[in-house]
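An overview of the molecular structure
Listed below, chain by chain, are the residues.
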Amino acid sequence: MSSDVRFTDFKSDKQPTWCPGCGDFGTMNGMMKALAETGNDPDNTFVVAGIGCSGKIGTYMHSYALHGVHGRALPVGTGVKMARPDIEVMVAGGDGDGYSIGAGHFVHAVRRNVDMSYVVMDNRIYGLTKGQASPTSRSDFETSTTPEGPKQPPVNPLALALASGASFIAQSFASDALRHQEIVQEAIEHDGFGFVNVFSPCVTFNDVDTYDYFRDNLVDLEEEGHDPTDYEAAKEVILDSDKEYQGVMYQDENSVPYHEKHGVTEDMSEIPEGAPDDAMDLVREFY
Amino acid sequence: MAEDLNWAIGGEAGDGIDSTGKIFAQALSRAGRHVFTSKDFASRIRGGYTAYKIRTSVDQVQSVVDRLDILVALTQRTIDENVDELHEGSAVIYDGERSWEADIPDGVTGVDVPLKSIAEEAGGAIMRNTVALGAACEITGFDVEYLDESLEKRFGGKGSKIVENNKEAARMGQEYVRENYDVDLGYDLETTDEDYVLLNGNEAIGMGALAAGCRFYAGYPITPATSIMEYLTGRIEDYGGHVVQAEDELSAINMALGAARGGARAMTATSGAGVDLMTETFGLVAQSETPLVITDVQRSGPSTGMPTKQEQGDLNMALYGGHGEVPRFVVAPTSITECFWKTVEAFNLAEKYQTPVFLVSDLAMSVTEQTFPPEAFDMDEVEIDRGKLVDDDDEVDEWLDAQGRFRAHAVTDDGISPRAIPGTEEGAHMSTGLEHDELGRRTEDQDERVQQVDKRFRKVETAEKREDWDYREFGDEDADNLVISWGSNEGALVEALDYLEEDVRVISVPYIFPRPDLSDEIEAANEVIVVEANATGQFADLLEHDALTRVKRINKYTGVRFKADELAEEISEQLSVEVSAQ
Ligand SMILES: Cc1ncc(C[n+]2csc(CCOP(=O)(O)OP(=O)(O)O)c2C)c(N)n1
Ligand code: SF4
Ligand SMILES: [Mg+2]
């Protein structure tokens, strides 16, 4: 990895088509800076993007990348990392992608604790499909498909992660650029599954969870003196539905990532030019 | 063909039927005899019924027949289920001391052996099946010593005492029959000096994957595919690989896709219900030009159907599953050795053409164990072709555009683009399920769209020209009657030739797409019959379409595989019927 990598090296020459002011600009910038700051370069980085406005980052960033099927970004990232422990893997997608259609994968990716980062660009809405309720939408949030609101409580993704045995849980705000970058950086550096839920406002379809709303309500856990290694303290802030927190809520200091537990350490792309030398032993097993 | 013997042990699930059957099959194989095994599972009424059946001969055997010579029956139901297959020369070994009163069909020799009491004497009632094996040895003139090695293999891990007790139990079973019965049904199992290996289709697929350099497998348990995952677990690690049990098939295929994007040879395997879920991702595999092997070990459908029964009902799904138009290859091995070789080939096709490859097997092949000389899996013959993988600077340079960007989806004459994997300098690029330009960036430009669709299908055209999409042929090449089949029916069909009076040419097709063009063969034949284990004749439909004609069909969808003698009868019958008006 070259030391002179700048975050703009992670930028593709495709101009983003996000609505002006969309939170995803800030979210992506922080991700690129965090990747560069942690010593990665595009040729050694793999970004997996979900489907949604958020998922477009695969196109706007420059690295090895796959923009796949709605909801399945985490399994793809899992496969890349297992095959290539030497590659930095970052998965990113929306709240619908991660907590609705991909919710099953989220739970299991958290449990597996594969050493990669997962950035959810949470705008509490389906942006790409033009403004329907998402799993994180408020229960009274009126949309075209829920004229009186979903009338169901929103998913608490942080609590879902905690209940699934997460080793790293954090939340950030796209417009607090520095803190957002720092938090994503910590997720990258974490030994295991680094999960960050990012408030990434949709300026077009969500007039409730706006920049102003978050600016007014955000509580920074660092300023509060929160100790992320304290599980009970983490539980408290995660289950506190009255406040919007920013910061690392929980980090298991003793996290052992999947590849260490399972001894998955080899570069699987390298194989011999024929069958392995001792392959006839496989046949002889059947005597 | 030399004389064959058909042997079975049956009882309730949990009676150790499988492992006992396997011990006998291995002993026969060690004695240089060929073996072909099959399993009966019945739905779970009345405690269930399961049987392990062995057909053995000194010549190769590759089918089951409707005849049973020796039956070890642990339950009356075992006798009832097989009553039609028993005949005047058959013997049924049973334990008269058990509570049920054995109802032995007329003409069949009943051999009452107190299996449990003898086993107890040898060291434990649990060995009663081993006593039965000894009894079976006596009746078939098979040296009980041949059991020793397979008993060691089976029980060695449990200590030498257990092995010795079992050896003793077998001998006591043999002794009991020798002393108390004078059965001579004329069986005398000849032995040879050959050394055979005994394995099933799923093991052959797993072994093929390892030979081919597969390093990553993700799957979700489903009968009858799970045993591939079980085979790889504990072995793939020796080569630096890994098996993941995913949360569902949606995940399994995406994990495998991820590993393949990382540059690993990757595979997932499932059965029909799982293929349904994986269908979501087929298009992405093809669109992102990712080399991936997807194995479908078919079972009876639709829906949960008959999950432990045979069927070849997924052909259309493999060919057409997924929205939009998805280039793919569909390969269907026709025998257990072919399960091995076609798996190796599937990995090469996937990487050479950066396309999903469907490997379609079925339940019958997955549970059947068959003997082969080890050379049938000659690892020196395994070739690995990774296609246009570019990994050094010069190679990558060649594929950069004027701005130095890697053209991962470059439009080429043969349709195949260069492939750079993570870590390759200057190779960073994006791939997507969206339509894209040469760089992998989303496009809706009409020209670029057409170029990319054409290039992806051009890979298939290139493959059609470059590869051999041949078929396997048996019987009389000049016969007027042509019987065509795909997948696992080959063995039964080849053996059916022994029973048939009519001259027949048999064509067994392992490639479904692309496939050999059989129009000339079909046109030249007087009668054409297509054999497949489904109700609608999915392969027959394809051939009719290819050759623009009508064919006759033999379809079996009872859930039970084709048997050689039954198939011969059906073919005969079809040949005597006039062709219906076209
Ligand atoms: C299988 C499938 N169903 C539905 C869609 C349509 N779709 C695209 S994005 C999306 C929701 C996106 O919401 P979110 O993940 O929150 O992303 P955002 O656009 O808000 O960033 C849906 C339903 C799809 N692409 N695929
Ligand atoms: S619709 Fe919303 S989420 Fe999508 S680009 Fe516009 S502002 Fe961003
Ligand atoms: Mg959203």
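Residues numbered from 1 in each chain as written. Chains lettered and ligands numbered in written order. Predicted model: local features only at pLDDT ≥ 70, side-chain atom pairs only at ≥ 80, totals over all residues. Heavy atoms only, no water.

Looking at an unreviewed UniProt entry, one finds chain B named 2-oxoglutarate synthase subunit KorA, with Halobiforma nitratireducens JCM 10879 as its source organism. Turning to chain B, the UniProt record has this under Subunit (unreviewed entry): "Heterotetramer of the KorA, KorB, KorC and KorD subunits." Regarding chain B, the UniProt comment filed under Catalytic activity (unreviewed entry) reads as follows: "2 oxidized [2Fe-2S]-[ferredoxin] + 2-oxoglutarate + CoA = succinyl-CoA + 2 reduced [2Fe-2S]-[ferredoxin] + CO2 + H(+)". (UniProt positions renumbered as here; feature names shortened; annotations may be inferred.)

The name given to chain A in an unreviewed UniProt entry is 2-oxoglutarate ferredoxin oxidoreductase subunit beta, with Halobiforma nitratireducens JCM 10879 as the source organism.

1. Comments concerning the site of ligand 2
Neighbouring ligand 2 are the residues Trp18, Cys19, Cys22, Cys53, Asn123, Cys202, Val203, Thr204 and Phe205 of chain A. When its residues are assigned to classes, the shell around ligand 2 shows 7 nonpolar, 2 polar and no charged. (Near = heavy atom within 4 Å. Nonpolar A, V, L, I, M, F, W, Y, C, P; charged D, E, K, R; others polar.)

2. Some words on the sheet that holds strand 20 (residues 527–532) of chain B
All names here are of chain B. Across the sheet, which stays open at both edges, the 5 strands sit in the order 16-18-17-20-21 with mixed pairing between neighbours. Looking at which strands have only one partner, the edges of the open sheet turn out to be strand 16 (472–475) and strand 21 (552–555). Along the sheet, successive strands turn relative to each other by an average axial angle of 20 degrees, direction set aside. Sheet topology note: the strand 20/strand 21 ladder contains 4 bridges and is parallel. From the neighbouring strand, Val530 faces strand 21, where its bridge partner is Arg553. Against the sheet, helix 18 (residues 538–547) makes contact with strand 17 (481–486), strand 18 (504–509), strand 20 and strand 21, and its axis sits at roughly 145 degrees relative to strand 20, the strand it touches most. (Pairing = 2+ DSSP bridges. Helix = DSSP H or I, 4+ residues; strand = E, 2+ residues; numbered from the N terminus. Axes fitted to C-alpha atoms, helices over the stretch in contact; angles between N-to-C directions. Contact = heavy atoms within 4.5 Å.)

3. Structural notes on the pairing of strand 1 (residues 45–49) of chain A
All names here are of chain A. The buried fraction of strand 1 is high, at 5 of 5 residues. Burial of strand 1 is two-sided: the residues Thr45, Val47 and Ala49 facing one way and the residues Phe46 and Val48 facing the other way are all buried. Pairing analysis gives 5 bridges linking strand 1 to strand 3 (residues 88–94), with the strands arranged parallel. By the bridge assignment for strand 3, Val47 is matched with Met90. Pairing geometry for strand 1 and strand 2 (residues 64–67), over 4 bridges, is parallel. Bridge assignment links Val48 to a residue of strand 2, and that residue is Leu66. (Buried < 20%, exposed > 50% of the residue type's maximum accessible area, 1.4 Å probe, protein only.)

4. Re the site of ligand 1
All names here are of chain A. Around ligand 1, a shell composed of 15 residues is seen, among which Cys53, Ser54, Asp95, Gly96 and Asp97 lie nearest. For ligand 1, an oxygen atom lies 2.8 Å from a polar atom in the side chain of Ser54. Take Ile125: an N or O atom from its main chain is 3.0 Å from an oxygen atom of ligand 1. Broken down by element, the shell around ligand 1 gets its largest block of residues, 3 residues, from helix 4 (residues 95–101). Its residues assigned to classes, the shell around ligand 1 comprises 5 nonpolar, 8 polar and 2 charged. (Polar contact = N/O pair within 3.5 Å; in protein donor to acceptor, adjacent residues only side chain to side chain.)

5. What to know about the pairing of strand 20 of chain B
Residues and elements named next belong to chain B. For strand 20, the buried fraction is high: 6 of the 6 residues fall into the buried class. The two faces of strand 20 match: Glu527, Ile529 and Val531 on one face and Val528, Val530 and Glu532 on the other face are all buried. Taken together, the 5 bridges between strand 17 and strand 20 define a ladder with parallel strand orientation. What sits directly across from Leu482, in strand 20, is Val528. What joins strand 20 to strand 21 is helix 18, and the crossover it makes is right-handed. (Right-handed = clockwise from strand over helix to strand, strands pointing away.)

6. Points about the interface of chain B and chain A
Listed by partner, the interface residues are 69 residues for chain B and 51 residues for chain A. Between chain B and chain A, a total of about 4,900 Å² is buried, with carbon and sulfur atoms accounting for 63% of that surface. Summed over the shared surface of chain B and chain A, the number is 5 salt bridges. For Glu285 of chain A, the salt bridge goes to Arg235 of chain B, with nearest N and O atoms at 2.5 Å. The tally of links between chain B and chain A comes to 26 residue pairs in polar contact (both at pLDDT 80 or more). Residue classes in the side of chain B that touches chain A are distributed as 31 nonpolar, 20 polar and 18 charged. Where strand 2 of chain A and strand 15 (residues 430–432) of chain B come together, 3 bridges link them in parallel fashion. Following the sheet pairing, Leu66 of chain A is matched in strand 15 of chain B by Ser431 of chain B. (Buried area = accessible area lost by both parts, 1.4 Å probe. Salt bridge = Lys/Arg side-chain N within 4 Å of Asp/Glu carboxyl O.)

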